[in-house]
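Structure assessment
In case you want the letters, here they are:
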Amino acid sequence: MAQLLGFVFVKLRQPRVVGEIMAGVVLGPALIGRLPFASGLAEAINQNASILNFVYWLGLLLLMFLSGAETRQLFSRDERREVGWLAIVGTGIPFVLGLILGPHLVGPALAGPNGNRLSLIIILAVAVAVTSVPVVSKIFADLKILHTRFARLVLGVAVLEDIVLWMALAIATAVAGKTVLNPRQMSYHLIVTIAFFGLGLTVVPRIVKRINKSRFNVIAKHSPVAYAMAVLLGYCVVAGALNVSLVFAAFLAGFAVVHKKRRLFSEALEVIGKISFAFFVPVYFALVGLKLDLVHGFSFWMVTAFIIGSCVVKILSVSLAGRFAGFRGLDLINLAITTNARGGPGIVLASVAFDAGIISANFYTTLVLAAVLTSQMAGAWLDYVLRRGWPLLTATAEGESAIALTEEIPSAA
């Protein structure tokens, strides 16, 4: 069902992930689950919850592993000034506003069984500021613009955002479940989480790189797929021992495996990616949709207020950052709408926070719907701009500023 609806949504010029989530919604309590004959399906789901939970987590870990690999591949040091402005101002303002206004906005309606005030405020701030690397890069690939300066700028910004925001989410999960925060215990979790993330971005990748190239590493030479999976599982073992979320361990494992634009283990990662996106990742997103209770866990006012408020803050912040970076007019609109796509990270944020008991079912549904709708908005807008023959960026080198006029615009499929 996930593959079928994903194909249908691609044909409708929508992100595939939206169709995969809708597969879970169709099979869940909102549609088929309401029919009389579906009681057996619900019972089967409950009986096999452990198997579904295993597939769900494996799909999530593989998605984060491949996202970390893409992060290392897509990050470019070109246009550092523009990327810096867009990342610092475009992400900093929404995140800081979320932290400042969070104490006045969070309440019992947003909190899960393990949610405390601090963790809820961090989740809210991350949800407002996050931008999707996987979904945005998939949209760019579908529209054949992944090679453009516009794509490099957006993905460079998204990469920097995600690294910082994943760390913030790791901190939120570390302090979750403590109604009365023990300063010593909280300090320990924060130090361990930050150290794990910091070392995973700096020192550990260098160590892994030496192990990768070692002539004694017979596994890497004779079975690179098995070796790449062993690195992923090794990171998860260490994270589990330190009580750090496995999601961030998987992201850092992918970040560490790739070196020099994916020359090492490129074929292994391609094989892992094909298997993951053929089964595990679509099923993960379908199970995300299955958790959506659009009957009892849906609040129209919460969804409306969050989507409008977060989109306004994000779009205005990125527009301001774009002006500081030297962009004007249509450039600002393109950058703002594209970086507003929450996509995969928005959904992972919702599922991780919900599984940790930080947020309620209503807020979980709100975050997932916001991720879906903002991704649809970005894909539809870019497709419209290209079909009208408008440039993605005018403040570029001559050849790239007119890409929409010099290339045949393909369908999103």
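All values derive from a computational prediction rather than experimental measurement.

Broken down by element type, the protein carries 20 helices and zero strands. For the protein, the proportion of its 413 residues judged to be buried stands at 52%. Counting every atom, the protein has about 18500 Å² of accessible surface; 67% of that belongs to carbon and sulfur.

With the rule as written, the count across this model stands at three salt bridges. Measuring nitrogen to oxygen at the nearest pair gives 3.7 Å for the salt bridge that ties Glu270 to Lys274. Taken together, the residues Glu270 and Lys274, both in helix α14 (residues 266–291) and four residues apart, mark about one turn of the helix. Across the salt bridge formed by Arg387 and Asp383, the nearest N and O atoms sit 3.4 Å from each other. Of this pair, Arg387 and Asp383 both sit in helix α18 (residues 361–387), separated by four residues, roughly a single helical turn.

Here we come to the packing of aromatic side chains. The tally for this structure, following the rule as stated, stands at 10 aromatic pairs. Arranged with centres 5.3 Å apart and planes meeting at 75 degrees, the rings of Phe300 and Trp301 form a pair that is edge-to-face. Judged by centre distance (6.0 Å) and plane angle (85 degrees), the ring pair of Phe306 and Phe363 falls under edge-to-face. Residue Phe306 is located in helix α15 (residues 300–325), and its partner Phe363 is located in helix α18; the two are separated by 57 residues in the primary sequence. Members of the aromatic cluster, each reached through a chain of ring pairs, are Tyr56, Trp57, Tyr284 and Phe285.

Right, let's get into the confidence of the model for the protein. With 85% of its residues at a pLDDT of 70 or more, the protein has an overall mean of 80. Long-range and interchain partners of residues 396–413, a stretch whose pLDDT sits below 50, account for 38 contacts in this model, where long-range means more than four residues apart.

A word on helix α10 (residues 203–213). Taken together, the buried positions of α10 are Pro205, Val208 and Asn212. Within α10, the buried residues cover an arc of 60 degrees as seen down the axis, which keeps them to one side. Among the exposed residues of α10, those oriented more than 90 degrees off its buried face are Arg206 and Arg210.

This next bit is on the packing of helix α2 (residues 16–27) against α14. At a minimum axis separation of 6 Å, α2 and α14 run at an interaxial angle of 50 degrees. Classed by the angle they form, the pair α2 and α14 counts as oblique. Handedness of the crossing formed by α2 with α14: right-handed. Contacts from Val17, Glu20, Ile21, Ala23, Gly24, Val25 and Leu27 in α2 reach Pro282, Phe285, Ala286, Gly289 and Leu290 in α14. Tallied by class, the residues present in the contact of α2 with α14 amount to nine nonpolar, two polar and one charged.

Phe65, Ile123, Tyr284, Ile359 and Phe363 are the most contacted members of the largest nonpolar core, which totals 89 residues. For this core, the element with the most residues is helix α4 (residues 49–74), which contributes 10 residues. Dropping the residues within four chain positions of it, Ile359 is found in contact with Leu110, Ala111, Gly112, Leu120, Ile123, Ala350, Ala353, Phe354, Tyr364 and Leu367. With 29 residues, the next largest nonpolar core counts Val89, Val318, Ala378 and Leu386 among its residues.

Next up on the list: the side chain of Thr339. Position of Thr339 among the secondary structure elements: in helix α16 (residues 330–339). Residue classification places Thr339 among the buried residues on the basis of a relative accessible area of 4%. Here the side chain of Thr339 touches Ala336 through a polar contact of 3.3 Å, landing on its backbone oxygen. Setting aside residues no more than four positions away along its own chain, Thr339 makes contact with Val130, Thr131, Val154, Lys314 and Val318.

Along the chain, the position of Val96 falls in helix α5 (residues 80–105). Exposure remark for Val96: the relative accessible area of 42% places this residue in the partly exposed category. Separated by 32 residues in sequence, Val96 and Val128 place their C-alpha atoms 9.8 Å apart.

To continue, consider helix α1 (residues 2–11). A turn of α-helix holds 3.6 residues, and therefore any two residues three or four places apart point the same way. Listing the buried residues of α1 in full gives Ala2, Leu5, Gly6, Phe9 and Val10. Looking straight down α1, one finds that the buried residues subtend no more than 145 degrees of arc, so they occupy a single side. For α1, the exposed residues set more than 90 degrees away from the buried face come down to Leu4 and Lys11. Contacts made by the buried residues of α1 are with α2, α14 and α18. Looking one or two residues past α1, Arg13 carries a phi angle of roughly 60 degrees, positive in sign.

Criteria and thresholds
- Residues numbered from 1 in each chain as written.
- Predicted model: local features only at pLDDT ≥ 70, side-chain atom pairs only at ≥ 80, totals over all residues.
- Heavy atoms only, no water.
- Helix = DSSP H or I, 4+ residues; strand = E, 2+ residues; numbered from the N terminus.
- Buried < 20%, exposed > 50% of the residue type's maximum accessible area, 1.4 Å probe, protein only.
- Areas by Shrake-Rupley, 256 points an atom, 1.4 Å probe, with all protein chains shown as cover.
- Salt bridge = Lys/Arg side-chain N within 4 Å of Asp/Glu carboxyl O.
- Phe/Tyr/Trp six-rings, centres within 6.5 Å; stacked < 30°, edge-to-face > 60°.
- pLDDT = per-residue confidence, 0-100.
- Contact = heavy atoms within 4.5 Å.
- Arc of directions from axis to C-beta.
- Axes fitted to C-alpha atoms, helices over the stretch in contact; angles between N-to-C directions.
- Parallel < 35°, antiparallel > 145°, perpendicular 65-115°, else oblique.
- Left-handed = near helix turned anticlockwise from the far one by under 90°.
- Nonpolar A, V, L, I, M, F, W, Y, C, P; charged D, E, K, R; others polar.
- Core = buried A, V, L, I, M, F, W, Y, C linked by side-chain atoms within 4.5 Å.
- Polar contact = N/O pair within 3.5 Å; in protein donor to acceptor, adjacent residues only side chain to side chain.

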